[in-house]
Amino acid sequence: MTEPATEAPIRRHPFARWRRWLPRAVFESVLIVFSVILALALTNWAEERRTAHRVAEMRAFLIQEITANRAELGSDYYIPHHRQLKRAFAQAGGMPDATEVTRKTAEPAIQALFGGSGLHLAALRDAVWTSVSANDLFEHMDAEEVFILAQVYRAQESLESINRAGYDNAVGLLDILTDEGDAHRQMLRMTLYLEDLIQQETNLVRLYDQALVRLGAPIPVSPPARRPATTAKDDGAAPKG
């Protein structure tokens, strides 16, 4: 008795197996790529948000610093006071065509300086600018904002240089006490110095205003003049009128 012939096993083509898991592999690959792209996009978005927040914070601090400097320099304590001193020195012999300038004719101007509240030299703030100018946040600001800020603080440095020269000019006036023949030159020197000082101050106030407008901030109202502390003599003086 013969045994029935067994059927040969069906061999499937290798591509048949691929067709079963290929769609799943493609889907998972696409999903992985999409997840990576989404993660990178979220990371970039979060970084941009942090950068935007830091830039906004930096801009706010700069506005505060410029506003404070503008309010300080724009008060009556500086420019108007320097204009009064300039008139006093010009009238007391600080003009090129002045003649017979002596210690006596120079005395009213010297008294206005040394007998009054002083020269009034502004000490302006730059801590915020010094801090933020050392990092890369300026790359994310508008170019015009960066340019006007650079102009403001460069002009502020120029004013500081002129302020340092003010003490030397003021001390030089004491030479009139020992060398009356040098009175004209010293008075002229002080008048020219005050003119340069006023020009630098008014230019800086103008730049402050331009910077605040560009940064979208209001221009501050100048505070009243600061008055020097009264002395015992002032307190005891009889009221006029």
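Just above, that's the structure.
None of the values given here were measured: they were computed from a predicted structure.

Draft legend 1. Expanded view of the overall build of the chain. Broken down by element type, the chain carries seven helices and zero strands. Mapped in sequence order, the helices and strands of the chain form the string α-α-α-α-α-α-α. Burial statistics for the chain: of 241 residues in total, 32% are counted as buried. Summarising the internal contacts of the chain: among those between residues at least 6 apart in sequence, 85% fall at separations of at least 24.

Draft legend 2. Representation of the pattern of salt bridges. According to the stated counting rule, one finds five salt bridges in the structure shown. A salt bridge links Arg70 to Asp209; the shortest N-O distance between them is 2.6 Å. Taken together, the positions of Arg70 in helix H1 (residues 14-73) and Asp209 in helix H6 (residues 183-214) put the pair 139 residues apart, joining distant regions of the chain. Look at Asp209 and you get buried, because its relative accessible area is 19%. Across the pair Lys86 and Glu195 runs a salt bridge, and its minimum N-O distance is 2.2 Å. Here Lys86, found in helix H2 (residues 79-91), pairs with Glu195, found in helix H6; they are 109 residues apart in sequence, far enough to count as distant. The exposure class of Lys86 is partly exposed, given its relative accessible area of 26%. Residue classification places Glu195 among the partly exposed residues on the basis of a relative accessible area of 24%. A network of salt bridges, in which partner residues are shared, links Asp142, Glu144 and Arg214.

Draft legend 3. View of the nonpolar core. In this structure, Leu73, Phe138 and Met187 are the most contacted members of the largest nonpolar core, which totals 53 residues. Mapped onto this core, the elements with two or more residues apiece are H1, H2, helix H3 (103-114), helix H4 (127-132), helix H5 (143-172) and H6. If one sorts the elements of this core by residue count, H6 sits on top with 13 residues. Setting aside residues no more than four positions away along its own chain, Leu73 makes contact with Tyr78, Ile79, Ala122, Leu124, Leu159, Glu201, Leu204, Val205 and Tyr208.

Draft legend 4. Summary view of the packing of H5 against H6. In the contact formed by H5 and H6, the axes pass within 9 Å of each other and the chain directions differ by 160°. Between H5 and H6, the interaxial angle falls into the category roughly antiparallel. In this structure, the crossing between H5 and H6 has a hand that is left-handed. Considered class by class, the residues forming the contact of H5 with H6 number 14 nonpolar, eleven polar and six charged.

Draft legend 5. Summary view of H6. Compared with an ideal rise of 1.5 Å per residue, which puts 32 residues at 46 Å, H6 spans 47 Å between its outermost C-alpha atoms and is within 8% of the ideal. Downstream of H6 by a residue or two, Gly216 has a phi angle that is positive, lying close to 75°.

Draft legend 6. Focus on the environment of Glu100. The topology assignment puts Glu100 in the loop between H2 and H3. Look at Glu100 and you get exposed, because its relative accessible area is 73%. For the pair Glu100 and His184, spaced 84 residues apart in sequence, the C-alpha to C-alpha distance is 8.0 Å.

Each value, and the rule that gives it
Residues numbered from 1 in each chain as written. Predicted model: local features only at pLDDT ≥ 70, side-chain atom pairs only at ≥ 80, totals over all residues. Heavy atoms only, no water. Helix = DSSP H or I, 4+ residues; strand = E, 2+ residues; numbered from the N terminus. Buried < 20%, exposed > 50% of the residue type's maximum accessible area, 1.4 Å probe, protein only. Contact = heavy atoms within 4.5 Å. Salt bridge = Lys/Arg side-chain N within 4 Å of Asp/Glu carboxyl O. Core = buried A, V, L, I, M, F, W, Y, C linked by side-chain atoms within 4.5 Å. Axes fitted to C-alpha atoms, helices over the stretch in contact; angles between N-to-C directions. Parallel < 35°, antiparallel > 145°, perpendicular 65-115°, else oblique. Left-handed = near helix turned anticlockwise from the far one by under 90°. Nonpolar A, V, L, I, M, F, W, Y, C, P; charged D, E, K, R; others polar. Expected span 1.5 Å × (residues − 1).

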